[in-house]
Amino acid sequence: MKQKITIFIIICLTLFMISACDTKEDPSIEALIKAENEKNDIYYEIFVRSFADSDGDGIGDLNGVTENLDYLDALGVTALWLMPINEGPTYHGYSVTDYYAIEEDYGTMEDFQNLIDEAYKKDIKIMIDLVINHTSDQHPWYTSSQYDEDSPYRDYYTWKASSTAYSSFVGGMVDLNLKSEKVIEEIHHIIDFYMDMGVTGFRLDAAKHFFDYAENNGSTIENIIFIAELNAYMKNINENSFLVSEVYDSYVDMYANYFQASDSAFNFYASDKIVEALSGLSISRFASRIQNTYEDFSEFNSDFIDTPFLKNHDQDRIASVLPQNDLEERLKLAARILLTLPGSPIIYYGEEIGMKGIRYEGISVDGYDAPVYDEYRRSPLLWGNSDIETTWLPDIGLNNDVDNISIQQNNDSSLLKAYQEIIEIRKSYPALMYGNYFELFNGNNNNIQGYVRQYSYGDSFNEAVLVIHNFSSSSYEITDLAYEEIIYGSLAMDGYDTLILKINPELIGDYI
Ligand SMILES: [Ca+2]
Ligand SMILES: [Ca+2]
Ligand SMILES: [Ca+2]
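Quick caveat: nothing in here was measured; it's all calculated off a predicted structure.

**Student:** Report on the overall build of the protein, specifying residues and quantitative values.
**Tutor:** In terms of helices and strands, the protein carries 17 helices and 20 strands. Taken over C-alpha atoms, the radius of gyration comes to 24 Å for the protein, in line with the 24 Å a tight globule of 512 residues would show. Here the C-alpha coordinates of the protein stretch approximately 75 × 75 × 50 Å along the principal axes. Sequence separation of 24 or more characterises 65% of the internal contacts of the protein that already satisfy a separation of 6 or more. On the protein, roughly 21700 Å² of surface is accessible, and the fraction owed to carbon and sulfur atoms is 48%.

**Student:** Account for a negative patch on the surface, with residues named and values stated.
**Tutor:** A cluster of acidic residues, Asp253, Glu295, Glu299 and Glu439, forms a negative patch on the protein surface. Residue classification places aspartate 253 among the exposed residues on the basis of a relative accessible area of 60%.

**Student:** How would you summarise the environment of isoleucine 468 if you had to cite specific residues and measurements?
**Tutor:** Tracing the backbone through its elements, the reader meets isoleucine 468 in strand β16 (residues 461-470). Taking relative accessible area as the criterion, isoleucine 468 reaches 0% and is therefore assigned buried. Placed 26 residues apart in sequence, isoleucine 468 and aspartate 494 show a C-alpha to C-alpha distance of 12 Å. Setting aside chain neighbours within four positions, we find isoleucine 468 in contact with Phe441, Ile448, Gln449, Gly450, Ile478, Leu481, Met493, Asp497, Thr498 and Leu499.

**Student:** Outline the sheet that holds strand β2 (residues 79-82), listing residues and values.
**Tutor:** Strands sit in the order β12-β11-β10-β5-β2-β1-β13 across an open sheet of seven strands; the sheet is parallel. Among the strands making up the open sheet, the edge pair consists of β12 (264-265) and β13 (346-348). Seen against the sheet, helix α9 (residues 220-237) touches β10 (201-204) and β11 (242-245) and runs at an angle of roughly 160° to β11.

**Student:** An account of the coordination of the calcium ion (ligand 2) is needed here, citing residue identities and associated values.
**Tutor:** Distances from the calcium ion (ligand 2) to its protein donors, namely Glu87 (OE), Gly88 (O), Glu103 (OE) and Glu103 (OE), fall within the range 2.4 to 2.6 Å. Motif for the calcium ion (ligand 2), donor spacing along one chain: E-G-x14-E.

**Student:** I'd love a proper account of unusual backbone geometry, names of residues and values included.
**Tutor:** For aspartate 123, which is not glycine, the phi torsion reads 65° and is therefore positive. For aspartate 123, a relative accessible area of 53% corresponds to the exposed category.

**Student:** Which residues make up the coordination of the calcium ion (ligand 3), and what are the values?
**Tutor:** Coordination of the calcium ion (ligand 3) by the protein comes from Asn133 (OD1), Asp175 (OD), His209 (O) and Phe210 (O), over a distance range of 2.2 to 2.9 Å. Sequence spacing of the donors to the calcium ion (ligand 3): N-x41-D-x33-H-F. On the criterion of sequence distance, the pair formed by aspartate 175 in strand β9 (residues 173-175) and histidine 209 in the loop between β10 and α9 is long-range, its members being 34 residues apart.

**Student:** Summarise helix α16 (residues 415-428); cite the residues concerned and give the values.
**Tutor:** The periodicity of an α-helix, 3.6 residues per turn, causes residues three or four places apart in sequence to face the same way. The end-to-end C-alpha distance of α16 is 20 Å, a good match for the 20 Å that 14 residues give at a rise of 1.5 Å each. Among the residues of α16, those classed as buried are Leu415, Leu416, Ala418, Tyr419, Ile422, Ile423, Ile425 and Arg426.

**Student:** Any chance you could break down helix α14 (residues 327-338) for me, citing the residues and the numbers?
**Tutor:** Over its 12 residues, α14 extends 16 Å from the first C-alpha to the last, a length consistent with the 16 Å expected when each residue adds 1.5 Å. Of all 12 residues that make up α14, 10 are buried, and the element is covered over most of its length. When α14 is considered as a whole, its buried residues turn out to be Leu327, Arg330, Leu331, Lys332, Leu333, Ala334, Ala335, Arg336, Ile337 and Leu338.

**Student:** Outline the packing of α14 against α16, listing residues and values.
**Tutor:** If you want to describe how two helices pack, look at the angle between their axes and the distance between the axes. Here α14 crosses α16 at 20°, and the two axes come no closer than 9 Å. The pairing of α14 with α16 is recorded here as roughly parallel in orientation. Considering how the two elements wind past one another, α14 and α16 form a crossing that is right-handed. Contacts from Glu328, Leu331, Lys332, Ala335, Arg336 and Leu338 in α14 reach Leu415, Ala418, Tyr419, Ile422 and Arg426 in α16.

**Student:** Before we move on, can you summarise the side chain of aspartate 61 with the specific residues and values?
**Tutor:** Looking at the secondary structure, you find aspartate 61 in the loop between α3 (48-51) and α4 (62-66). The charged side chain of aspartate 61 is buried without a salt bridge, its nearest counter-charge being arginine 49 at 9.9 Å. The residues contacting aspartate 61, other than those within four sequence positions of it, are Val48, Ala52, Asp53, Ser54, Asp55, Asp105 and Tyr106.

**Student:** Give a description of the domain arrangement of the protein that names residues and reports values.
**Tutor:** Taken domain by domain, the protein comprises domain 1 (1-36), domain 2 (134-177) and domain 3 (436-512). Taken together, the contact between domain 1 and domain 3 spans four residues of the former and four residues of the latter. Taking both partners together, domain 1 and domain 3 bury about 390 Å²; carbon and sulfur atoms supply 79% of that area. When the buried surface of domain 1 facing domain 3 is broken down by residue, Ile29, Ile33 and Glu36 rank first, second and third, together holding 86% of it. Viewed at the interface, domain 3 and domain 1 are joined by zero salt bridges. Remark: the boundary between domain 1 and domain 3 carries zero residue pairs in polar contact (both at pLDDT 80 or more).

**Student:** Tell me what's going on with the pattern of salt bridges, and back it up with residues and numbers.
**Tutor:** Scanning the entire structure with this criterion turns up 25 salt bridges. Of the charged contacts in the structure, one is a salt bridge between arginine 49 and aspartate 105, with a shortest N-O distance of 3.0 Å. Here arginine 49 is found in helix α3, whereas its partner aspartate 105 is found in the loop between β4 (98-102) and α6 (109-121), with 56 residues between them in sequence. Residue lysine 356 pairs with aspartate 401 through a salt bridge whose shortest N-O separation is 3.7 Å. Separated by 45 residues along the polypeptide, lysine 356 in the loop between β13 and α15 (405-409) and aspartate 401 in the loop between β13 and α15 bring together distant segments of the chain. Among the residues examined, aspartate 401 registers a relative accessible area of 57% and is labelled exposed. Several salt bridges converge on common partners, so that one network encompasses Asp314, Asp316, Arg359, Glu361, Asp374, Arg377 and Arg378.

**Student:** Provide a residue-level description of the sheet that holds strand β20 (residues 498-503), including the pertinent values.
**Tutor:** Strand order in the open sheet formed by five strands is β14-β15-β16-β20-β18, with antiparallel pairing between adjacent strands. The outermost strands of the open sheet, each flanked by one partner alone, are β14 (439-440) and β18 (485-488). One ladder, built from 10 bridges, connects strand β15 (residues 448-457) with β16; its direction is antiparallel. Within β16, the residue paired with isoleucine 448 across the bridge is asparagine 470. Contacts from α14 reach β15, β16, β18 and β20 within the one sheet, and its direction differs from that of β16 by about 155°.

Rules used in this analysis
- Residues numbered from 1 in each chain as written.
- Chains lettered and ligands numbered in written order.
- Predicted model: local features only at pLDDT ≥ 70, side-chain atom pairs only at ≥ 80, totals over all residues.
- Heavy atoms only, no water.
- Helix = DSSP H or I, 4+ residues; strand = E, 2+ residues; numbered from the N terminus.
- Rg over C-alpha atoms; globule rule 2.2 N^0.38 Å.
- Contact = heavy atoms within 4.5 Å.
- Areas by Shrake-Rupley, 256 points an atom, 1.4 Å probe, with all protein chains shown as cover.
- Patch = residues over 30% accessible without salt bridge, like charges linked within 9 Å, V, L, I, M, F, W, Y side chains within 5 Å.
- Salt bridge = Lys/Arg side-chain N within 4 Å of Asp/Glu carboxyl O.
- Lys, Arg positive; Asp, Glu negative; His and termini not counted.
- Charge placed at Lys NZ, Arg CZ, Asp CG, Glu CD.
- Buried < 20%, exposed > 50% of the residue type's maximum accessible area, 1.4 Å probe, protein only.
- Pairing = 2+ DSSP bridges.
- Axes fitted to C-alpha atoms, helices over the stretch in contact; angles between N-to-C directions.
- Donors = N, O, S within 2.8 Å, 3.2 Å for Na, K, Ca; no water.
- Expected span 1.5 Å × (residues − 1).
- Parallel < 35°, antiparallel > 145°, perpendicular 65-115°, else oblique.
- Left-handed = near helix turned anticlockwise from the far one by under 90°.
- Domains from an automatic or database assignment.
- Buried area = accessible area lost by both parts, 1.4 Å probe.
- Polar contact = N/O pair within 3.5 Å; in protein donor to acceptor, adjacent residues only side chain to side chain.

Following this line, the structure appears as structure tokens:
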């Protein structure tokens, strides 16, 4: 008996050593490629107030996110972007009164640490909004300095008159003086605090407005220098951290130069072009227009990481702006476009089930005690489960014809399943997930638009895929095309369908 146990232990030890050696000396090619591309993720943008409620008060909270990480894991996303989570007086959180306190509706700092830790266990990173262009006019820095020119915080703002600070935005937001060394020190502290907790990225809210105060027209260079310094500060703490600038503009030239300062900038132009093509407009120019943005970015950083998206919380939802005929097919195609482009794509919560949402101009809604503007672009996520669905915003019927998550989870042909499928494909093919290779398919025309994506790693890995989208409602037959494998779809494409082929990377010239 003793001998048997000894042999058993020796076998165990041997197996342990072999497996330990394996991971140490021979990591899989997949692991090497992932390590090489630490800043590439698939993001999911969350408005915490609308995501999931954990304590029955009808308001979404951080524990609601933590308790539903399984849903996000099953969807396949690898990172979350949380819209502002700090204490503030507005429902959306973009005016902060305390950078070190969690919005009381959302929970506590312990809840946030717990969310980061639980997400980390599932290999999901956390990016948060960094709102530093302005604070709330109720922030103690402002209230203590507004009527006191000797306040130690007087220098934190730019004063237009003795008690009026410069504001880029209406609604109780006052711009910080980003030239003040003390303000920069405060921002460094905020970055330290959250990166210490395990936050891996920041979305730089309103980056375009950093140095836009009246006497300073043409502020871009100052913005760039300031952001580059912030990014260097972050990289000192974590070289794989991710900084993305929000420069809300439809013109690529307005944000391309931010790629030399931050890791990325949101590709608003590409988002407009995706919507246009999905609406049947300028289809023949779709892929080349997208490619043009990459050429612009690469002038500022050859290793740029694009941040493509369909829509965000400041815009009407994609399901509301696309033509309503064949809507589900168009939305599925939108998902397959977003998830086959280079960069770190972002899915806006609810997009994966086709939720609708639009802006109103100050209407009054029964059961809501303020004039309504952007609220219905950020409405409660439809779980189909009253235990977690939030109720802070009255239902006005905008989403009456949208199937909730619980219904879509049980329908193999749902939009939600289409998102899961294409995300899984993106993660399985490095040519789709990594690198910036994007060349136009030589068969592009008024109906179909395609591109080749390719990724190689040393001499040991080289992969290429051809992605073709059919933007028309009619079927389209792909003929005379060599390929190694059909990854998705069929050569006989239905209307609004996508075909993804694995092709020989040595023969890319035949396709572009
Ligand atoms: Ca709650
Ligand atoms: Ca609050
Ligand atoms: Ca500003």
